[in-house]
Amino acid sequence: MRNLIDPLDFTLDETISILDLADRIASNEEAYSHVADGKKLATLFYEPSTRTRLSFESAMLSLGGKTLGFAGANQSSATKGETVADTARVVSCYADIIAMRHPKEGAPLRASMYSSIPVINAGDGGHNHPTQTLIDLMTIRHRKGRLDNLTVGFCGDLKFGRTVHSLVNSLVRFNDNKFYFISPEELKVPDYLIEDTLIPNKSVYKEVRSLEDTLPELDVLYMTRVQRERFFNEDDYIRLKDTYILNKEKLQLAPADMPVLHPLPRVDEISTDVDTDKRAAYFEQVQNGKYIRMALIMSLLELTDPLTGKKVL
Ligand code: CP
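Residues numbered from 1 in each chain as written. Predicted model: local features only at pLDDT ≥ 70, side-chain atom pairs only at ≥ 80, totals over all residues. Heavy atoms only, no water.

**Some details on the UniProt feature "binding site: L-aspartate" (unreviewed entry) in the chain**
Point 1. Following the UniProt record, the feature "binding site: L-aspartate" (unreviewed entry) maps to Lys80, Arg162 and Arg225 here. The annotated residues occupy 146 residues of the chain and do not converge on a single region, their most distant C-alpha atoms lying 32.4 Å apart.
Point 2. On the secondary structure map, Lys80 appears in the loop between β2 (66-71) and α3 (84-91).
Point 3. Note on Lys80: relative accessible area 71%, which makes it exposed. (UniProt positions renumbered as here; feature names shortened; annotations may be inferred. Helix = DSSP H or I, 4+ residues; strand = E, 2+ residues; numbered from the N terminus. Buried < 20%, exposed > 50% of the residue type's maximum accessible area, 1.4 Å probe, protein only.)

**Comments concerning the packing of helix α2 (residues 51-62) against helix α11 (residues 282-300)**
Point 1. In the contact formed by α2 and α11, the axes pass within 8 Å of each other and the chain directions differ by 55 degrees. On the basis of the axis angle, α2 is oblique to α11. Classified by chirality, the crossing of α11 by α2 is right-handed. Facing Arg51, Thr52, Ser55, Phe56, Ser58, Ala59, Met60 and Ser62 of α2, the residues of α11 in contact are Val286, Gly289, Lys290, Arg293, Met294 and Ile297.
Point 2. Considering only residue class, the contact of α2 with α11 consists of 6 nonpolar, 5 polar and 3 charged. (Axes fitted to C-alpha atoms, helices over the stretch in contact; angles between N-to-C directions. Parallel < 35°, antiparallel > 145°, perpendicular 65-115°, else oblique. Left-handed = near helix turned anticlockwise from the far one by under 90°. Contact = heavy atoms within 4.5 Å. Nonpolar A, V, L, I, M, F, W, Y, C, P; charged D, E, K, R; others polar.)

**Re the packing of helix α1 (residues 12-27) against α11**
Point 1. Following both chains from N to C, one finds α1 and α11 inclined at 120 degrees, their axes separated by 8 Å at the closest point. On the basis of their axis angle, the class for α1 and α11 is oblique. The chirality of how α1 crosses α11 is right-handed. Contact residues: Ile18, Leu19, Leu21, Ala22, Ile25 and Ala26 in α1; Tyr291, Ile292, Met294, Ala295, Leu296, Met298 and Ser299 in α11.
Point 2. The class makeup of the residues in the contact of α1 with α11 is 12 nonpolar, 1 polar and no charged.

Right, here's the structure in full:
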């Protein structure tokens, strides 16, 4: 039985196979409408979500399956002190696969150790968000036609932004990708990402402060929200939240074919006047989220692709 807890749980070949399946689903969704008939997805969300939870549910319904779950720890027996381990054991009796979001780093991993059904990490604290990474890879591949030889700029809250950590971990596995980390000093990428990922992979990276100076160098820009919910001090959040605001005027400094990604939700870091620019790719990411999660559910449930007659993993 396979789980998806960390982006590196899939080999590079498996990652590409899932992206390819998501592309096939996107171009012929109807062909997949009964693939998961009779299967159930449990969404265990201990932390707020719009896209991830609803796209998981939409994905399972689009495959012919059903969904159950909760959208807040206060709707579950976690309020009575039930552990993640016990919850995972219990839900294994009711469903075929679990998608879990939790504010504590490592909670989905712990759930997977006690679950008898596959567990997907739908975001754990400031740690990882591997399903968002697959969405980001799918969107970059569509926009740039490749996943290697790219200069990628990450801008904003690189300390708490779990989507950044997961995407960097994945992009270093492709050839010749370079990184600009654009952040205030207080929101720099964590040391562990540099020491455990970038240095061992001999990745070329720069930590910089200016978005304007960096924009002309980039093939891809990945904007992020300053994560208010992970700050200990509201004053620090208020001081840092508007450090970077991408607007139409600043975007003129960027290459004409540089997609702007953002995992969303956004607050003020991308002005709405960017939305109509053809480089804005963030609502495309949202759409791709459903196809990626359909592909993931199929892969982890070992369902056969009706178009190829084969399983993915
Ligand atoms: N991108 C993302 O994880 O969005 P939600 O928090 O709305 O699920």
